[in-house]
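Listed below, chain by chain, are the residues.
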Amino acid sequence: MRRTIARAMLAASIVAAPAAWSMDIVVGQVAPMSGLEANQGRAYAAGMELLFKQVNKAGGVNGHRFTLVRKDDGGRPEDTLSATRELITESKPLVLAGYFGNKNVADLIASGLLNNERLVLVGYRSWELRADAPNVYNVRAGLREEINKIIEHLATIGITRLAMLYEAGPGSVNLVLAADEAAKKSKAQLVAHASYPSGTTTVTPAVDQFVKAQPQAILLVATGAAAAGFVELYRAAGGTGQIFTHSGADVEQMAKRLSDEQLQGVAIAQVTPSPYKISSKIAKELKDVLAGSDKPDVPVSYAMIEGFIAGKVIVEAVRRQGRAPTREGIAAALDSMDNFDVGGYAVGYKSGSRTGSKYVELSIVSGAGKIRQ
């Protein structure tokens, strides 16, 4: 009888073994699901959710399944930290991802919460230069690479009188210095620069300044709402400089506000392959996943494919840990990523660097608000 019971217990333990180490991997996101930048926050989330559902459908990774838990900060920095604390307490995430905003991300880092909770943030969108933080990993090129790409391109076509609009913040001085340095290397000149208050679209003083300075081109390191407001007012005031924006500008938001004539020819730096063309494996995979899924509540966009990429990086970090992934293990796995190919787009981290890619290309917006390369 004892032997029979022992055999039964052994068999039960073998059958139950997978369940003992199978986990529901919670990925936490605090981002603007409402407010001025809601389209981008929701699109980033949709990209991650599409990837996680596809992985779960295929059986997960090492027996683990993925769940995205979102909280809305409305784009307000004062709500980002409190919402993150609530998310950590309520949902016990293994990793955070998809945060937005200069001050939002800066305040999260400065709070020490990531370090205290041994959590890492994988993937975020901000538009200022800052030193790399130990627990913060991006899956895209940095702002410095975007600025260099735009200014180098302008110099090759003989545009050398430049201006720059940017959101005011602790990184403003470094941003201006980086732009000025890039301009000098390309034998160009930053003839004017102006900031607007953080979290607002108050750009009229900058419009007045740039109309007087008459730059050939203007670089907007601004939110989509602020960028749209600037273009509208600048064109109405007779400004003729060519407009270039950093990758954080939401072209769909701009297209809703601006006329075809105002939007025509605006150029945007992009830090991922285009989600609109099947010219990369990652874009094709996103298209295929969308075809087999419920339609998201937001259209396909660069923010969506960036969220899809961030999801892939998180899944790979979990896969590399085997049966028992931990918060600390996520950081170690990310540090071991040298040249991880997510589908024609490589993500990697080196010692002291948390910028995952150098990929930058420029795209032009048509009058109808469509991206064309």
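Residues numbered from 1 in each chain as written. Predicted model: local features only at pLDDT ≥ 70, side-chain atom pairs only at ≥ 80, totals over all residues. Heavy atoms only, no water.

- The chain is annotated in an unreviewed UniProt entry as ABC transporter substrate-binding protein from Ramlibacter tataouinensis.
- If you open the UniProt record of the chain and go to Sequence similarities (unreviewed entry), you find "Belongs to the leucine-binding protein family." (UniProt positions renumbered as here; feature names shortened; annotations may be inferred.)

### Description of the overall build of the chain
Argument step 1. Along the chain, the regular secondary structure elements total 14 helices and 14 strands.
Argument step 2. For a compact globule of 373 residues, the expected C-alpha radius of gyration is about 21 Å, and the chain comes in at 22 Å, within 12% of that figure.
Argument step 3. Within the chain, the fraction of its 373 residues that count as buried is 54%.
Argument step 4. The contacts in the chain between residues at least 6 apart in sequence include a share of 72% that link residues at least 24 apart.
Argument step 5. Accessible area of the chain: about 16200 Å², with a carbon and sulfur share of 52%.
Argument step 6. Considering the chain, the positive charge centre built from 42 side chains and the negative charge centre built from 36 side chains are found 7 Å apart. (Helix = DSSP H or I, 4+ residues; strand = E, 2+ residues; numbered from the N terminus. Rg over C-alpha atoms; globule rule 2.2 N^0.38 Å. Buried < 20%, exposed > 50% of the residue type's maximum accessible area, 1.4 Å probe, protein only. Contact = heavy atoms within 4.5 Å. Areas by Shrake-Rupley, 256 points an atom, 1.4 Å probe, with all protein chains shown as cover. Lys, Arg positive; Asp, Glu negative; His and termini not counted. Charge placed at Lys NZ, Arg CZ, Asp CG, Glu CD.)

### Focus: the packing of helix 13 (residues 302–319) against helix 14 (residues 327–335)
Argument step 1. Where helix 13 contacts helix 14, the axes come no closer than 8 Å and their chain directions differ by 105°. One way to sum up the angle between helix 13 and helix 14 is to call them roughly perpendicular. On helix 14, the residues that touch Val313, Ala317 and Val318 of helix 13 are Ile330, Ala333 and Leu334.
Argument step 2. Taken together, the residues that form the contact of helix 13 with helix 14 break down as six nonpolar, no polar and no charged. (Axes fitted to C-alpha atoms, helices over the stretch in contact; angles between N-to-C directions. Parallel < 35°, antiparallel > 145°, perpendicular 65-115°, else oblique. Nonpolar A, V, L, I, M, F, W, Y, C, P; charged D, E, K, R; others polar.)

### Concerning the packing of aromatic side chains
Argument step 1. Per the stated rule, a full pass over the model turns up seven aromatic pairs.
Argument step 2. Between the aromatic rings of tyrosine 137 and tyrosine 349, the centroid separation amounts to 5.1 Å while the plane-to-plane angle is 85°, which identifies the pairing as edge-to-face. Of this pair, tyrosine 137 sits in strand 5 (residues 136–137) while tyrosine 349 is found in the loop between strand 12 (346–347) and strand 13 (361–365), placing the two residues 212 residues apart along the sequence. Of the two residues, tyrosine 137 and tyrosine 349, both sit in the buried class.
Argument step 3. Between the aromatic rings of phenylalanine 230 and tyrosine 234, the centroid separation amounts to 5.3 Å while the plane-to-plane angle is 15°, which identifies the pairing as stacked. With a gap of four residues between them, phenylalanine 230 and tyrosine 234 both fall in helix 9 (residues 224–236), about one helical turn apart.
Argument step 4. Owing to a relative accessible area of 0%, phenylalanine 230 belongs among the buried residues under this scheme.
Argument step 5. Ring pairing ties together the aromatic residues Phe210, Phe230 and Tyr234, which thus form one cluster. (Phe/Tyr/Trp six-rings, centres within 6.5 Å; stacked < 30°, edge-to-face > 60°.)

### A word on the pairing of strand 2 (residues 65–72)
A regular strand carries its side chains on alternate faces of the sheet.
Argument step 1. Examined bridge by bridge, strand 1 (residues 24–31) and strand 2 share eight bridges and lie parallel to one another. Each residue of the ladder has a partner; that of isoleucine 25, found in strand 2, is phenylalanine 66. (Pairing = 2+ DSSP bridges.)

### Describing unusual backbone geometry
Argument step 1. Unlike most non-glycine residues, lysine 187 shows phi in positive territory, near 60°.
Argument step 2. Counting through the fold element by element, lysine 187 comes out in the loop between helix 7 (172–185) and strand 7 (189–196).
Argument step 3. Of note, the phi angle at glutamine 214 is positive, near 55°, even though the residue is not glycine.
Argument step 4. Along the chain, glutamine 214 falls in the loop between helix 8 (204–213) and strand 8 (217–221).
Argument step 5. The exposure class of glutamine 214 is exposed, given its relative accessible area of 60%.

### Concerning the UniProt feature "domain: Leucine-binding protein" (unreviewed entry) in the chain
Argument step 1. Residues annotated by UniProt as "domain: Leucine-binding protein" (unreviewed entry) correspond here to residues 25–344.
Argument step 2. Secondary structure across residues 25–344 divides into 47% helix and 18% strand, with the first and last C-alpha atoms of the span separated by 26 Å.

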